[in-house]
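# Residue-level structural notes
The chain contents come next:
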Amino acid sequence: LLRAATTHPAMLRYLDNQASAGPHSLVVQRLARRREAGDTQAARLTGLNENLGRELLELHTLGAAHASGAHGPWGGYSQADVTALAALLTGWRGLSEAPNRPPFEPNWHEPGDKVVLNRRYSEGPQALDAVLIDLARHPSTARHIATKLARHFIADEPPPALVSRLAKAFADSDGDLPAVYVALIDSPEAWAPQASKLKTPEEFVVSTARLLRVAGRPTAPALLRQVDAGIGL
């Protein structure tokens, strides 16, 4: 799931990784030589773009670097880790318009090893799977995912004991999300009689429409009218 999200063409384009080039990559060196030779039409690449690397650490795996939890400080990464991960991600452009064009373009990739969270990864496309596995198995990732699930389904400020149990289920199952869902459903906090989590208006309307089996994809006003009629408002 993490790899699919990271390498999806929409993600790569949305976070500008298709324009991220290693400062010492072949494409940057080639364009520099063309400009030195007087080619004023040669494009200029701005170099590394850290958007995808930063979001991968902060949102998809470890969590915000300043947060804390039972497993110790969340994140635990520095700006140097963000930069190294951005360099590792160069070459993953996702613009496969040609039938045989691979998603990874080595000419855009920054050569040399990269060190992320004190682990060394060699250059090339294989480094992506290695770093994603390490990030997925990091204790901060377990707690970050557990907190997000508990916050969405249980309470905006979820009980620390619940978060710890969900994080343990994540770690014990090697990141198997269905196992975490089972732990969430089995938790006593999920069945507490007092209401601690309210749906947003959009979630309320959509879930009610599903419950009433509203067919098709009507406009918002029509959907609201059907929901109102179905629940007797």
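Here the structure is shown first, and the text comes after it.
These numbers come from a predicted model, not from an experiment.

This part takes up the overall build of the protein chain. Summing up its helical and strand segments, the protein chain has 11 helices and 2 strands in all. Put simply, the protein chain runs from its N terminus to its C terminus through helices and strands in the order α-α-α-α-α-β-β-α-α-α-α-α-α. Expressed as a percentage of the 233 residues in the protein chain, the buried residues total 36%. Sequence separation of at least 24 residues holds for 57% of the intrachain contacts in the protein chain that already meet a minimum separation of 6. Taken as a whole, the protein chain presents about 13800 Å² of accessible surface, with 57% of it coming from carbon and sulfur.

It is at 9 Å that the axes of helix α5 (residues 79–89) and helix α6 (residues 126–136) come closest, and there the two elements cross at 140°. Taken together, α5 and α6 sit at an angle that is classed as oblique. Residues L85, L88 and L89 of α5 form the contact with α6, whose own contacting residues are A127, L128 and V131. Looking at side-chain class alone, the contact of α5 with α6 contains 6 nonpolar, no polar and no charged residues.

Here the focus is helix α7 (residues 139–153). Between its first and last C-alpha atoms α7 spans 22 Å; for 15 residues at 1.5 Å apiece the expected length is 21 Å, and the two agree. Residues of α7 that are buried include every one of S140, T141, A142, R143, H144, I145, A146, T147, L149 and A150, and no others. Contacts made by the buried residues of α7 are with α4 (51–61), α6, α8 (160–172) and α9 (177–186).

To continue, consider the pattern of salt bridges. Enumeration according to the criterion identifies 7 salt bridges in this entry. The shortest N-O distance in the salt bridge between R54 and E50 comes to 2.9 Å. The closest approach of N and O atoms between E105 and R93, which form a salt bridge, is 3.1 Å. On the criterion of sequence distance, the pair formed by E105 in the loop between α5 and β1 (114–116) and R93 in the loop between α5 and β1 is long-range, its members being 12 residues apart. Of the residues examined, R93 reaches a relative accessible area of 11% and is grouped as buried.

A full pass over the atoms with the stated rule returns 1 aromatic pair. If you follow R93 out to its NZ or CZ, it ends over the ring of W108, 3.7 Å from the centre.

L57, L85 and V131 are the most contacted members of the largest nonpolar core, which totals 22 residues. Setting aside residues no more than four positions away along its own chain, L57 makes contact with L62, G63, Y77, V82, L85 and L135. Core analysis: the second largest hydrophobic core is formed by 14 residues, A142, A150, A155 and V180 among them.

Its identity as a non-glycine residue notwithstanding, D16 has a phi of 65°, on the positive side. Following the sequence through the fold, D16 ends up in the loop between α2 (9–14) and α3 (26–36). The phi torsion at D174 lies on the positive side, around 60°, for a residue other than glycine. Residue position: D174 is located in the loop between α8 and α9.

Along the chain, the position of S78 falls in the loop between α4 and α5. For S78, a relative accessible area of 36% corresponds to the partly exposed category. Distance from S78 to V116, taken between C-alpha atoms, is 9.3 Å for residues 38 residues apart in sequence.

Moving on: the side chain of T90. Tracing the chain through its elements places T90 in the loop between α5 and β1. Using a relative accessible area of 0% as the deciding quantity, one classes T90 as buried. Those residues in contact with T90, other than ones at most four positions away along the chain, are S20, A21, G22, L48, F104, W108, H109 and E110.

Here we take up the packing of α7 against α8. Direction vectors running N to C along α7 and α8 enclose 125°, while the axes themselves pass 8 Å from each other. Put simply, α7 runs oblique to α8. When you trace α7 past α8, the crossing you get is right-handed. Contact residues: T141, A142, R143, I145, A146, T147 and A150 in α7; P160, L162, V163, S164, L166, A167 and F170 in α8. Of the residues contributing to the contact of α7 with α8, the split by class is 10 nonpolar, 3 polar and 1 charged.

Turning to α3, a few remarks are in order. Among all positions of α3, only V27, V28 and L31 are buried. Axial view of α3: buried residues confined to an arc of 100°, hence all on one face. Facing away from the buried side of α3 by over 90 degrees, the exposed positions are R33 and E36. Downstream of α3 by a residue or two, G38 has a phi angle that is positive, lying close to 100°.

Definitions and cut-offs
- Residues numbered from 1 in each chain as written.
- Predicted model: local features only at pLDDT ≥ 70, side-chain atom pairs only at ≥ 80, totals over all residues.
- Heavy atoms only, no water.
- Helix = DSSP H or I, 4+ residues; strand = E, 2+ residues; numbered from the N terminus.
- Buried < 20%, exposed > 50% of the residue type's maximum accessible area, 1.4 Å probe, protein only.
- Contact = heavy atoms within 4.5 Å.
- Areas by Shrake-Rupley, 256 points an atom, 1.4 Å probe, with all protein chains shown as cover.
- Axes fitted to C-alpha atoms, helices over the stretch in contact; angles between N-to-C directions.
- Parallel < 35°, antiparallel > 145°, perpendicular 65-115°, else oblique.
- Nonpolar A, V, L, I, M, F, W, Y, C, P; charged D, E, K, R; others polar.
- Expected span 1.5 Å × (residues − 1).
- Salt bridge = Lys/Arg side-chain N within 4 Å of Asp/Glu carboxyl O.
- Phe/Tyr/Trp six-rings, centres within 6.5 Å; stacked < 30°, edge-to-face > 60°.
- Lys NZ or Arg CZ within 6 Å of the ring centre and 35° of its normal.
- Core = buried A, V, L, I, M, F, W, Y, C linked by side-chain atoms within 4.5 Å.
- Left-handed = near helix turned anticlockwise from the far one by under 90°.
- Arc of directions from axis to C-beta.

It is worth stressing that arrangement in space is one thing and function is another; only the former is reported here.
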